[in-house]
Amino acid sequence: MLSADLLANAVVAGILLGGFYAAVAIGLAIVFGQLDIVNIAHPAFIIVGAYVAYILNSLFGFDPVLTGLAAAPAFFLCGALVYRIYFLAFERTGQESLSGLAFFFGVMFIIEVSLILVYGVDYRLVQAGYIGQTWTIGFVDLPLRMLVPCAISVALTLGVYLYMSRTFMGRAIQAVAQDRLALQLMGADPVRIKQWAFGLGIATAAIAGSLLIVIGPVEPSVGRLYIGRAFAIVVLGGMGSIPGMFVAALLLGVIESIVATFFGPSWAPAVSFGVLGLTLALRPAGLFGRS
Amino acid sequence: MSGELLRVSGLTKRFGGFVALDRVSLAVRSGERLGLIGPNGSGKTTLINCISGALYNDEGTVEFEGRDVTRLPPFERARAGIARSFQIPKPFRSMTVLDNLRVPLEYAAWERTEHGGTAGEAMRVLELIGLAARAHEDSAKLTQVDMRKLELARALAAKPRLLISDEAMAGLSSTEVDEVLGILRRLNETGITIIMIEHIMHAVMRFSERVVCLDAGQVICEGAPRAIVNDPGVQRAYLGA
Amino acid sequence: MRPAPFWGSLIAALVAGVVLTETVANEYTYNALYVVLQAMLMAIAWNILGGFTGYVNFGSAGFFAVGAYTTVALHKGFGLPLPLMILAAAVVCGLIGLGLGYLTLRLKGVYFAIATLAMAIVIETLVNNWSYVGGAKGYYVLTPEQHLWFDSYIQMLFMVMLLLTLAAVAVSRALSSSRLGRGLAAIRDDEVAAECAGVPTLRLKLVSTTVMGAMMGVAGAPFPYFVTFVDPLSAFNLFIAVNAIAMPMIGGTAHWLGPVVGAVLVGSVQEVVKVNVSSELNVLLVGIMLVAFITLAPQGIVGLARGYLRRRAP
């Protein structure tokens with residue numbers, strides 16, 4: 001019943017999956033974890049990224065991962081624009097809580113329905129050389145369609161982490177989160193910094209989307225499943241902590257993989273929300289969070 | 001006759017590694033006018049938050065009218081008779097000035113109020129504070145001064161035994177300061193114990209029977225206003241060594 | 001609104017409904033009206049927690065679906081009459097609202113909103129896996145034979161929904177101008193100040209989630225009889241959830257009339273678009289209207305109207 005073989009594969013698959021989940025959550029870790037902007041439309045942007053990769057792949061045969069990287073700047077600008085609207089309508093007037101949430105909900109909804117209108121509800125997938133292959137180490141399988149996204153995701157997470165801790169802009173973003181007034185007194189414009197941060201978050205969505213469609217087929221409503229995962233990871237990891245987020249992503253991936261293997265995949269969506277719920281109930285600061 | 005109303009014993013509050021209040025002990029007599037002073041960051045507002053329940057202290061106790069209220073949630077303390085105004089006014093923005101007062105009347109003061117007569121009582125409080133003319137105006141559109149008065153009015157509407165005024169006079173002109181002082185005096189005459197946190201020294205000195213000075217989370221001096229002003233410790237705290 | 005005109009309007013609406021059932025036989029009319037009324041009831045319910053108390057619920061579809069599936073489960077097990085189903089749905093969903101609130105209302109509003117989304121998805125997953133009510137394959141409900149004195153079953157369903165919705169309007173209005181309503185508004189405006197003014201914020205928030213949950217369950221209870229085939233996809237529909245948010249926000253969240261106005265406006269537009277253009281575009285339209293209104297006119301239609309009237313008054 002409980003074979004070591006099956007368990008080992010479930011765990012490994014979970015680690016690979018969790019590594020990928022980090023790419024999903026990193027954008028939200030910046031925007032929500034650091035800046036408290038509840039962008040529940042973040043997964044919807046990821047799906048858009050997936051579709052962009054799909055389009056360029058089916059039309060020109062471009063490699064999806066490279067497409068993701070290439071599309072990132074455009075997504076950055078898009079994110080900056082969305083933030084600008086959000087700021088003008090809500091942050092400036094102090095209405096963040098109720099209306100801001102509804103705003104992003106509406107944006108998420110518009111994105112999903114627009115995709116359905118244009119592409120329908122059929123699953124879309126990409127073709128790439130490495131998607132069918134699997135490396136095998138002992139009795140453990142490492143499908144490349146999981147391994148490659150995991151590797152890219154780890155690189156992305158590391159890159160963003162270094163950016164946030166080593167560059168001026170990255171530190172400015174952290175400063176905005178912690179002491180807005182002090183930042184203003186130092187001559188930096190908090191709004192522009194937040195705009196940059198939001199753009200950065202959406203840019204990661206482009207990459208995450210391309211990785212997503214490598215892992216498996218995508219259709220518009222898939223985004224909603226990732227809302228729970230993304231928020232669960234950011235909260236579990238501790239708001240504002242990127243290393244914490246990464247650990248949480250791995251944890252979630254492993255738990256989901258084990259549940260899917262032993263109880264069936266239809267229970268997977270409940271896992272992330274269950275984890276989120278437990279975290280909020282028992283230890284809202286997360287594993288590594290500031291209080 | 002005038003017994004002890006509030007006793008704070010060994011109150012300690014930490015924020016992470018920072019100790020905001022360090023074994024603060026303080027007793028307030030019923031009917032007293034107590035001034036609470038101290039430089040910025042000395043813990044005055046934190047102390048108020050712990051007394052009113054907005055924050056829970058880590059160590060020590062808060063006793064009100066002989067009852068241990070240390071773990072009571074804020075709304076129960078309000079019902080028991082502890083009211084406070086906020087340093088930065090927090091009006092109920094979607095409501096008129098009058099309705100702002102109905103909330104504490106209908107909740108904190110519910111047992112002390114005639115049910116159904118709250119609108120009338122609210123008007124009386126507004127008259128006492130001097131805001132009656134603005135009763136049906138949007139509370140969000142008040143001037144700074146009037147918002148401060150609304151804060152006091154709302155605290156008063158809770159029919160408290162203890163009223164804590166947190167820097168109600170910051171930024172006001174001297175006439176306005178006199179106005180607010182007058183209101184607080186009149187309230188005290190009706191039997192309400194008042195703790196006043198203020199930076200405006202002459203106001204504190206004129207108003208208080210006794211003054212307590214905090215610095216870096218500790219009580220460094222307590223006594224009559226004149227004695228406090230001359231205390232070297234207090235002078236050091238405010239002016240530096 | 002003064003009591004007399006209010007109750008007069010409610011009775012007039014009820015009478016209009018009865019007259020309609022006597023004069024119009026076209027089933028499409030009742031279908032369309034049922035949909036709008038259902039949406040209105042959901043909007044009113046949402047607004048009790050969203051507009052009155054200030055906590056956003058993204059999981060409205062969850063409550064609605066539980067109401068529908070309570071009917072399914074009871075229909076399969078006991079074949080109870082509709083009024084009892086509605087009552088049962090109210091109780092079950094009220095309890096879920098209470099439970100959800102108890103678990104999450106101590107946290108910031110943001111986390112509550114995400115938790116409601118979580119709840120909806122978790123419940124959907126549970127229902128998907130519950131074969132007693134058909135699981136993912138769905139469940140068929142045969143239209144009952146008896147429809148009292150009405151010409152058709154859909155006419156009766158319409159009247160049921162009309163009654164329920166009018167009751168919800170009355171409850172909502174009573175709530176908003178009561179002591180409880182002022183307490184909720186205080187929580188919405190400034191929860192810390194409310195607590196210090198003696199408002200038992202957690203308790204009131206729980207009342208709010210319970211009432212909202214119960215109302216949404218009631219909205220969902222007759223749904224299986226309306227659609228005759230219930231499956232998780234149709235019951236947990238995102239469209240229902242978005243409408244529940246969009247209608248109050250477009251109509252105006254601060255006033256009990258807001259969800260009513262929003263439902264009538266948005267619902268009518270949706271029917272027109274659905275019939276003349278397409279039902280997918282319909283869905284997109286709601287999203288765009290929602291975003292447009294909350295960015296440009298956050299006080300909603302009723303808010304705009306009141307501002308206009310106030311400026312005109314001397």
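The structure presented is a predicted model; accordingly, all values stated were derived computationally and were not measured. (Residues numbered from 1 in each chain as written. Chains lettered and ligands numbered in written order. Predicted model: local features only at pLDDT ≥ 70, side-chain atom pairs only at ≥ 80, totals over all residues.)

*Asks:* So what's going on with the overall build of chain B? Which residues, and what values?
*Replies:* Check the secondary structure of chain B and you find nine helices and ten strands. For chain B, the C-alpha atoms occupy an extent of roughly 50 × 40 × 40 Å along the three principal directions. Within chain B, the fraction of its 241 residues that count as buried is 46%. Long-range pairs, those at least 24 residues apart, make up 64% of the contacts in chain B between residues at least 6 apart in sequence. (Helix = DSSP H or I, 4+ residues; strand = E, 2+ residues; numbered from the N terminus. Buried ≥ 20, exposed ≤ 12 C-beta atoms within 10 Å, placed from the backbone. Contact = placed C-beta atoms within 7 Å.)

*Asks:* So, the overall build of chain C: which residues are in play, and what are the values?
*Replies:* For chain C, the helix and strand inventory stands at 15 helices and two strands. Relative to its length of 314 residues, chain C is compact, with a C-alpha radius of gyration of 19 Å against a globular reference of 20 Å. Its C-alpha atoms put chain C at 55 × 45 × 35 Å along the principal axes. Looking at the 314 residues of chain C, the share that counts as buried comes to 54%. Contacts in chain C between residues at least 24 apart in sequence constitute 77% of all its contacts with a sequence separation of at least 6. (Rg over C-alpha atoms; globule rule 2.2 N^0.38 Å.)

*Asks:* Lay out the sheet that holds strand β5 (residues 67-68) of chain B in plain terms, naming residues and giving numbers.
*Replies:* All names here are of chain B. Strand order in the open sheet made by the four strands is β2-β1-β4-β5, with antiparallel pairing throughout. Either end of the sheet is taken by a strand with one partner, and the two such strands are β2 (18-29) and β5. Two strands pair when backbone bridges link them, and strand β1 (residues 4-15) and β2 are joined in this way by eight bridges, in the antiparallel orientation. Counterpart to F15 in the pairing with β2 is F18. (Pairing = 2+ DSSP bridges.)

*Asks:* Outline the domain arrangement of chain B, listing residues and values.
*Replies:* Residues and elements named next belong to chain B. When the domains of chain B are assigned, the result is domain 1 (4-81 + 160-239) and domain 2 (94-158). Computed from C-alpha coordinates alone, the two centres of domain 1 and domain 2 are separated by 24 Å. Contributions of two or more residues to the side of domain 1 that touches domain 2 are made by α2 (74-80), β7 (162-166) and α6 (174-189). In terms of residue count, α6 provides more of the side of domain 1 that touches domain 2 than any other element does, three residues in total. Split by residue class, the side of domain 1 that touches domain 2 holds seven nonpolar, two polar and two charged. (Domains from an automatic or database assignment. Nonpolar A, V, L, I, M, F, W, Y, C, P; charged D, E, K, R; others polar.)

*Asks:* Explain the interface of chain C and chain B to me, and be specific about the residues and the numbers.
*Replies:* Tallying the contact residues gives 18 residues for chain C and 22 residues for chain B. Elements represented by at least two residues in the side of chain C that touches chain B include exactly α7 (179-189) and α8 (191-196) of chain C. Sorting elements by how many residues they give to the side of chain C that touches chain B places α7(C) first, with six residues. By residue class, the composition of the side of chain C that touches chain B is ten nonpolar, three polar and five charged.

*Asks:* Describe the interface of chain A and chain C, with residues and values.
*Replies:* Counting from both sides, the interface comprises 33 residues of chain A and, opposite them, 34 residues of chain C. Elements with a contribution of two residues or more to the side of chain A that touches chain C: α3 (64-91), α4 (96-119), α9 (222-237) and α11 (268-282) of chain A. Sorting elements by how many residues they give to the side of chain A that touches chain C places α4(A) first, with 15 residues. Looking at side-chain class alone, the side of chain A that touches chain C contains 24 nonpolar, nine polar and no charged residues.

*Asks:* I'd love a proper account of the pairing of strand β4 (residues 59-64) of chain B, names of residues and values included.
*Replies:* Residues and elements named next belong to chain B. As defined by bridge partners, β1 adjoins β4 across five bridges and the pair is classed as antiparallel. Bridge pairing in β4 links T12 to E59. As judged from the two bridges shared by β4 and β5, these two strands associate in the antiparallel manner. For E63, the partnering residue across the bridge sits in β5 and is D68.

*Asks:* Give me the lowdown on helix α10 (residues 242-263) of chain A, citing residues and values where you can.
*Replies:* The first and last C-alpha atoms of α10(A) sit 31 Å apart over 22 residues, in line with the 32 Å expected at 1.5 Å per residue. Where α10(A) terminates, the next one or two residues include A:G264, which has phi positive at roughly 105°. (Expected span 1.5 Å × (residues − 1).)

*Asks:* Outline helix α4 (residues 118-129) of chain B, listing residues and values.
*Replies:* Residue and element names in this part refer to chain B. With twelve residues, α4 extends 16 Å from end C-alpha to end C-alpha; this agrees with the ideal 16 Å at 1.5 Å per step. Along its buried surface, α4 packs onto α3 (97-106), α5 (144-157) and α6. Of the residues one or two after α4, G130 is the one with positive phi, at around 95°.

*Asks:* Residue-level account of the nonpolar core, with values.
*Replies:* A:A25 and C:L290 are the most contacted members of the largest nonpolar core, which has 285 residues in total. Two domains each provide a minimum of three residues to this core, namely domain 1 (4-81 + 160-239) and domain 2 (94-158) of chain B. In contact with A:A25, other than residues within four places in its own chain, are A:A230, A:I233, A:V234, A:M245 and A:A249. (Core = buried A, V, L, I, M, F, W, Y, C linked by C-beta atoms within 7 Å.)

*Asks:* Please provide a residue-by-residue account of unusual backbone geometry, values included.
*Replies:* Residue and element names in this part refer to chain B. Even without glycine at this site, E65 takes up a positive phi of about 50°. E65 gets classed as partly exposed once you count the C-beta atoms within 10 Å, which come to 16. Backbone geometry at E167 places phi at a positive 45°, although glycine is not the residue there. Summarising the element assignment, E167 is placed in the loop between β7 and α6.

*Asks:* With reference to specific residues and values, describe the sheet that holds strand β3 (residues 33-37) of chain B.
*Replies:* Hydrogen bonds between backbone groups are what pair the strands of a sheet, and the pairing can be parallel or antiparallel. All names here are of chain B. Ordered in space as β6-β7-β8-β3-β9-β10, the six strands form an open sheet in which the pairing is mixed. Of all the strands in the sheet, the pair left with one neighbour each is β6 (82-84) and β10 (218-223). Sheet twist, expressed as the average angle between the axes of neighbouring strands with direction ignored, equals 20°. Bridge count for β3 against strand β8 (residues 193-197) is four bridges, and the pairing is parallel. Residue L34 lies in a different strand from β8, and its bridge partner there is I195. Against the sheet, helix α1 (residues 44-52) engages β3, β6, β7, β8 and β9 (210-215), with an angle of about 150° to β7. (Axes fitted to C-alpha atoms, helices over the stretch in contact; angles between N-to-C directions.)

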